[in-house]
Structures are given as C-alpha cells and as structure tokens.
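A structural walkthrough
Now for the letters of each chain:
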Amino acid sequence: MAVLAASICTQSGKPLLSRLFRDLSKDRITTFLGNFPSLLATSESQNTTVEDENVRYVFQSVGECYIVLITTKQSNILEDIETLHLFVSVTSNMLRTVDERGVFESAFELLSAFDEIVTMGYKEKLTVLQVQTFLEMDSHEEKIQEIIEKNKELEAAEERRRRAKEIQRKEFERRAMEQQQAAIYGNSGAGAQLQTRDSFNYTSSAPSVPSYTANTVPEPVAPEPFTAPKPIGGKGLKLGKKPTRLSGHKELGQPLLSSSPLLTTPQPQQSQTIQQQAPVSVPVASQPQVSTPLRAESASSSPAPSNSGAGKQFNNGILITVNEKVTAHINHENGIIASEVKGDLNLRINNSELARSKILLKVGNSTNTQYKTHPNVDRNLFSSEGVIALKDKSKPFPSNDQSLGVLRWRATAKDGDSSLVPVLFTAWVNVSDGLAEVTLEYELTSEYLEAHPLQESFDMVSILVPISLDDIILKDDSTGLVLYDITHAGVEFTIEKILLENPLGSFEFSIPASSEEDLFPMEVNFNVSSVNGTESDVTLSGVSLVDVVSNNEQEASLPFDLHLNLVNENYLVD
C-alpha cells in the first residue's frame, strides 16, 4: 500500500490542509484534490471510496470536514480504511471541534501527527495513545532540567532583589551621614559658642565661687582667657543631637567636684571636651585639686553601655520578624491526629525616613486560618489586598527601634492534613523479652519543602523517649548525624540536621521496655531560625512577604530584612 497524501477538506470539497508522503509536484496534488468534489458528487452516499483513472480517494466525514487519503489504485483497500480510521481518531482527539477554524489553529500539530502515522507513504504500526506520546515528547530528564533552571532563576531574582535593597540601604546611610555632618558643621562658629554658653548659664563676667557642702577648696587662680578650640569632627556624636562644648577657662576657673550642680547629667560629648582641655596651664598649687576631681568627673560623665538592646538583632532600617509555634499530635504509624499553628508578624524600624511604609503580604485563602490585625492597622485593606498599613496615612510607623506586633494568626488542620506539620515521624517497634527494637523514621513534609526552596537544612531536632535507662544501644543511623543523651526525663535523641535535598532518614536503637506503650508519647523539640529570609519563603500558615514599599502613590520599594522563627509548642508522637 502507498499513501500519496492525506488531506482535510470542507463538505464542499475545499482543501484546508494536505500532507504529501511521496515525491509529487504541488500542481499534481492540487489537480487530484480539485477532482475530488466532482467524484464525490457522482458517488453514492454510503460509499467511502471513489476512484478516477489514476488514484483512489478514501474518505470519511468528521464534523464539518472530510478526511481524505489519496492512494494508488493497487493498494489494499482494507489497509487503506484502517489507516483512515487512525487519521480520524487522531484528528478528533486533537481538535475540540473539527471545522475550518480548528484545522487552521492546529495545522502544525496535525501535520506532525500525520508524519507519525505514515512514513514515506507506508503506515506505521501505531496506536492513538502512542501517537499522542510521541507528540508530547514527555521526558523526565527535561522536567528535572526545567526545575533546575527555575530554581536558578529564583535564586538570581532573589540575589538581584538583595543587591538592590543593599544599594538602597547604603544610599539611605549616605544621606543620613550627610545630614549628620550638616548638623555638626552648620552650628560651629561664634553663634554656636554663644548658644552653648547660654545653655550652661555662663556669661562673660568673672566666674562666681559656688557653694560646696563638702570641705572648702581654695579657689584656683583663673587662667588667661583663650580662644575655644574648634569642635572635633563628629566622633561619638549621635544623629539628631547637637554637639556641646564647654569653655576652657570656665571649667578650669573653679574646681569640679562630683557634687557640683552644674553638671548633674553630663553628656558623652562633654566628657570628651573636658579631657581634651585638661592640659591647659594652671597654677601648680591648684593642679592636684583640679586634676583629681576632673578625672573622676570625666569617668562618671561617660554613660555605661546600654543593655536595653542586648537581646536585639541588628536592624538595617526595617526588620520584619515572623514567628510561628506548632502544636501537633502525631500517631507513630505516620498518622496526624491534630495540628495547629499560631503566628505573629513583628515590625521594627529605626529610621524615620522609612517609617512611612506598608507591608505587602500574600496570605492563604484557607477558611481554617484566622487573622487579627493591630487596632491601628487598616483591617479592610488587609482583608482585601493583604497589605499592612496604618489607618491614618498621614502618620508613620514608630521609628524607635522597638518591636511592634502588627499581625497575628491561628491556623488549624483536619485529621490527616500535613500542611501545618514540618516533620513527620514513624516508629517501627518490636518488643521481645523486655527489650524493644525501635526503628524511628523521620521525613520533612512536602508542604514544608515547597514553602522553603532556598533553605538548606532543618537543624537540631530532638526526640525525647520517656525511658531513663542507661542500657541503650544506637545501632544504625542512615545519616550519621544522630546523637543521644540520657537525662532524668528520658533518652533524648538529637538529629543535627535534615538536609532538604534528602528529607527522609531513619535510625535504629534498642532500649529496655516491657511493652510498646512505654515508649510513648515521644516529645519532639525544634527551633529553626533564619536571619536571611527571602520573598520565596512561605510560613506553615501560608503567609509570605512580597515587599515593603513607601506608603504613597509612588510605592517605591524600601530595603528590609526578614527573620523567620519556627518553634514547637507541644509536639507529640503517640
């Protein structure tokens, strides 16, 4: 059998698509297709073949069209009809409606399918399913490569955003430094010196002798007046505070005691100026009396380092911290009985220029999650668009570098739902002669893996078995990262890390136990913290940070840092 061509024509015989399988000229195949309508008009309605003096036409009506095979007259008619049925089946599966528009829209796909069915005029032994498989060209390696490329694109996008925010942060720091320098040097000069003298109630008249509650100290001889030194270039100064300077002859004109009412609350800048002006020439008789209290006063005037921020993490400008606590009750046969997640989002700003901002979030649409916003946050805006912004746009967020909780949520899951559980455990127990052989299998859930594509590992997971005995043997560890310690509460196993690229692991141990119930409930503890959170990280409750932008019409992107904390509250394997 030799199929010369396969064509699709309208009911009136107009050719829409044709594929040649033999070496024929375009004019000749056009002539064959032009003869088909006249042969179709003279044929009987029940026939599916017509012939002329050169070729045979095998056709079948599908929808609003005919599918026509042009074959030689010597070909086997039964094989021609079988080939025609395959063409009809493939065409019907590929087109929703077989009409002129559908043929034109899927012309290239149809031609590719025709090439799979017939090669050099001879039919291939294929089924419709095989033809579809060949056309789809489904490849597992290709899918893996696409996933790798997608991850690379995500990493590149995250790096691009990180660098852009770093550049923007440096720009803010540069502007702040310029404002600081302007505040320092803008007030230097005679006007600033007079203002400083007035602020300390000093006048140009001779200094008066103060009263002392302690022993009377002889008044030292006042030194000759001199010009006050220029201010030091801003060392130790803080943004927003004006530098203060003390006149040299005023300070050395009278002794400085710790009981002096003039410097009850000295500033760090004052102590620096006093120390630099101390070497001014003073009569020898008064030097011991002045220098000793001066050192004591200088030391006491320097404030001790503040401990208020000892527990705080460094803040570049805007710091967003997302905390979640997980409560779960897991059956040791890998069944989840109940799970709950409580979370909150805290905001810290230490730069007033960044205080007029809003947080763009992406939250899940689950009905099992309840959200609660701060009273000053626009709840309607959050409910409709997932945006954290103040109700009054004219007011900024507090910029005192104090943590402010702006959002809380609580999510629950049904029995068997692992979406709120980061890690699952399965225990295989065999108790014989008072000795339990236990294989404990652990696995990170697929939901957690998808929500943290850039995280490398899930670190420091501990499992407490409620049997406090020394006769324990750790037999096999698939990762080599499992340690154990015997405490008064039981045996505590610690998994140093679970790699996200290999989220499944197990270890075996033997421990004295009279029954399987003695091993349960096992208490699981973990504390996963990330100080390099990205926009691709999604919490267990489905909350993710999109961006932080200015709260105006421009909505310019602002630099920020994202910290993520995930801890257990009551995580039991029973």
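Residues numbered from 1 in each chain as written. Predicted model: local features only at pLDDT ≥ 70, side-chain atom pairs only at ≥ 80, totals over all residues. Heavy atoms only, no water.

- The chain goes by Coatomer subunit delta in an unreviewed UniProt entry, where it is assigned to Australozyma saopauloensis.
- Turning to the chain, the UniProt record has this under Subunit (unreviewed entry): "Oligomeric complex that consists of at least the alpha, beta, beta', gamma, delta, epsilon and zeta subunits."
- The chain has a UniProt comment under Sequence similarities (unreviewed entry) that states "Belongs to the adaptor complexes medium subunit family. Delta-COP subfamily." (UniProt positions renumbered as here; feature names shortened; annotations may be inferred.)

**Let's talk about the pairing of strand S1 (residues 3-10)**
- Most of S1 sits out of view: eight of its eight residues are buried.
- Examined bridge by bridge, S1 and strand S5 (residues 65-72) share seven bridges and lie antiparallel to one another. Note on S5: the bridge partner recorded for Ile 8 is Ile 67.
- As judged from the five bridges shared by S1 and strand S2 (residues 15-20), these two strands associate in the antiparallel manner. Bridging across to S2, Ala 5 finds its partner in Leu 20. (Buried < 20%, exposed > 50% of the residue type's maximum accessible area, 1.4 Å probe, protein only. Helix = DSSP H or I, 4+ residues; strand = E, 2+ residues; numbered from the N terminus. Pairing = 2+ DSSP bridges.)

**Here we look at the nonpolar core**
- Ranked by size, the top nonpolar core spans 45 residues in total, and within it Phe 425, Phe 458, Val 461, Leu 519 and Tyr 571 carry the most contacts.
- Per-element accounting of this core gives the leading share, five residues, to strand S15 (residues 435-444).
- Residues in contact with Val 461, not counting those within four places in the same chain, are Phe 425, Phe 493, Thr 494, Ile 495, Ile 498, Val 524, Asn 525 and Phe 526.
- One finds Leu 16, Phe 21, Ala 113 and Phe 114 within the second-largest nonpolar core, a separate group that totals 27 residues. (Core = buried A, V, L, I, M, F, W, Y, C linked by side-chain atoms within 4.5 Å. Contact = heavy atoms within 4.5 Å.)

**Quick look at the sheet that holds strand S10 (residues 357-362)**
- With antiparallel pairing, the three strands of this open sheet are ordered in space as S12-S10-S22. In this open sheet, the two strands that pair with only one neighbour each are strand S12 (387-388) and strand S22 (544-550).

**So, unusual backbone geometry**
- The omega torsion across Phe 520 and Pro 521 is 0°, close enough to zero to call that bond cis.
- Along the chain, Pro 521 turns up in the loop between strand S20 (504-512) and strand S21 (522-530).
- Backbone geometry places Met 120, a non-glycine residue, at a positive phi of 55°.
- Note on placement: Met 120 falls in the loop between strand S6 (118-119) and strand S7 (122-123).
- Although it is not a glycine, Met 460 sits at a positive phi angle of roughly 50°.
- Residue position: Met 460 is located in strand S16 (residues 457-465).

**With respect to the environment of Ile 77**
- Of note, Ile 77 is situated in helix H2 (residues 77-94).
- For the pair Ile 77 and Thr 49, spaced 28 residues apart in sequence, the C-alpha separation works out to 9.0 Å.

**Observations regarding the pairing of strand S8 (residues 318-331)**
- Strand direction decides the pairing type here: S8 and strand S9 (residues 335-349), joined by 14 bridges, are antiparallel. In the sheet register, Lys 325 faces S9, and the bridge partner there is Lys 342.
- Where S8 and strand S23 (residues 561-573) come together, twelve bridges link them in parallel fashion. Counted as the bridge partner of Val 326 is Asn 568 from S23.

**Some points on the state of the cysteines**
- Counting across every chain of the model gives zero disulfides.
- Cysteine Cys 65 is unpaired, with the sulfur of Cys 9 as its nearest cysteine sulfur at 8.5 Å.
- Given the relative accessible area of 2%, Cys 65 is considered buried. (Disulfide = S-S within 2.5 Å.)

**Observations regarding the side chain of Asn 568**
- Among the structural elements, Asn 568 can be located in strand S23.
- At 3.1 Å, the side chain of Asn 568 and the backbone oxygen of Val 524 are in polar contact.
- Only 3.0 Å separates the side chain of Asn 568 from the side chain of Asn 525, close enough to count as a polar contact.
- If sequence neighbours within four positions are ignored, Asn 568 has contacts with Val 326, Val 524, Asn 525 and Phe 526. (Polar contact = N/O pair within 3.5 Å; in protein donor to acceptor, adjacent residues only side chain to side chain.)

**Remarks on the pattern of salt bridges**
- Evaluated as defined, the whole model comprises 18 salt bridges.
- Residue Glu 159 is joined to Arg 163 by a salt bridge in which the shortest nitrogen-to-oxygen separation is 2.9 Å. Separated by four residues within a single helix, Glu 159 and Arg 163 lie in helix H6 (residues 140-186), roughly one turn from each other.
- Residue Glu 159 is classed as partly exposed on the basis of its relative accessible area of 29%. (Salt bridge = Lys/Arg side-chain N within 4 Å of Asp/Glu carboxyl O.)

**So, helix H4 (residues 107-117)**
- What H4 keeps buried is the set Ala 107, Leu 110, Ala 113, Phe 114 and Ile 117. Viewed end-on, H4 has its buried residues packed into an arc of 125°, placing them on one side of the element. (Arc of directions from axis to C-beta.)

**Some details on the packing of H4 against helix H5 (residues 128-136)**
- For the pair H4 and H5, the least separation of the axes is 10 Å and the interaxial angle reads 125°. Taken together, the axis directions place H4 and H5 in an arrangement best described as oblique. Of the two elements, H4 crosses H5, and the hand of that crossing is right-handed. For the pair H4 and H5, the contacting residues are Ser 112, Ala 113, Glu 116 and Ile 117 in the first and Val 131, Phe 134 and Leu 135 in the second.
- Looking at the contact of H4 with H5 residue by residue, the classes come out as five nonpolar, one polar and one charged. (Axes fitted to C-alpha atoms, helices over the stretch in contact; angles between N-to-C directions. Parallel < 35°, antiparallel > 145°, perpendicular 65-115°, else oblique. Left-handed = near helix turned anticlockwise from the far one by under 90°. Nonpolar A, V, L, I, M, F, W, Y, C, P; charged D, E, K, R; others polar.)

**Notes on the sheet that holds S16**
- Taking strand neighbours across the sheet as the criterion, the nine strands line up as S11-S13-S9-S8-S23-S21-S16-S19-S18 in an open arrangement whose pairing is mixed. Whereas interior strands pair on both sides, the edge strands pair on one side only; in this sheet they are strand S11 (369-373) and strand S18 (482-487). On average, adjacent strands in this sheet sit at an angle of 15° to one another, irrespective of strand direction.

**Digging into the packing of aromatic side chains**
- Inspection of every chain in the model, using the stated rule, returns 14 aromatic pairs.
- Each ring, one from Phe 36 and one from Tyr 66, has its centre 6.3 Å from the other, and the planes form 80°; the classification is edge-to-face. Residue Phe 36 is located in helix H1 (residues 26-42), and its partner Tyr 66 is located in strand S5; the two are separated by 30 residues in the primary sequence.
- Clustering of aromatic rings is evident, with ring pairs tying together Tyr 442, Tyr 484, Phe 493, Phe 507 and Phe 509.
- Positioned above the aromatic ring of Phe 172, the side-chain terminus of Arg 175 is 6.0 Å from the ring centre. (Phe/Tyr/Trp six-rings, centres within 6.5 Å; stacked < 30°, edge-to-face > 60°. Lys NZ or Arg CZ within 6 Å of the ring centre and 35° of its normal.)

**Examining the confidence of the model for the chain**
- Per-residue confidence for the chain gives a mean pLDDT of 78; residues scoring 70 or more make up 77%.
- Scored below 50 in pLDDT, residues 189-217 shows 28 contacts in the model against residues more than four places distant or in partner chains. (pLDDT = per-residue confidence, 0-100.)

**As for the packing of H2 against H5**
- Two elements in contact, H2 and H5, have axes separated by 10 Å at closest approach and are oriented at 50°. Relative to H5, the element H2 lies oblique. For H2 against H5, the interelement crossing comes out right-handed. Counted together, Leu 86, Ser 89, Val 90, Asn 93 and Met 94 of H2 and Val 128, Val 131, Gln 132 and Leu 135 of H5 form the full contact between these two elements.
- A per-class count over the contact of H2 with H5 returns six nonpolar, three polar and no charged.

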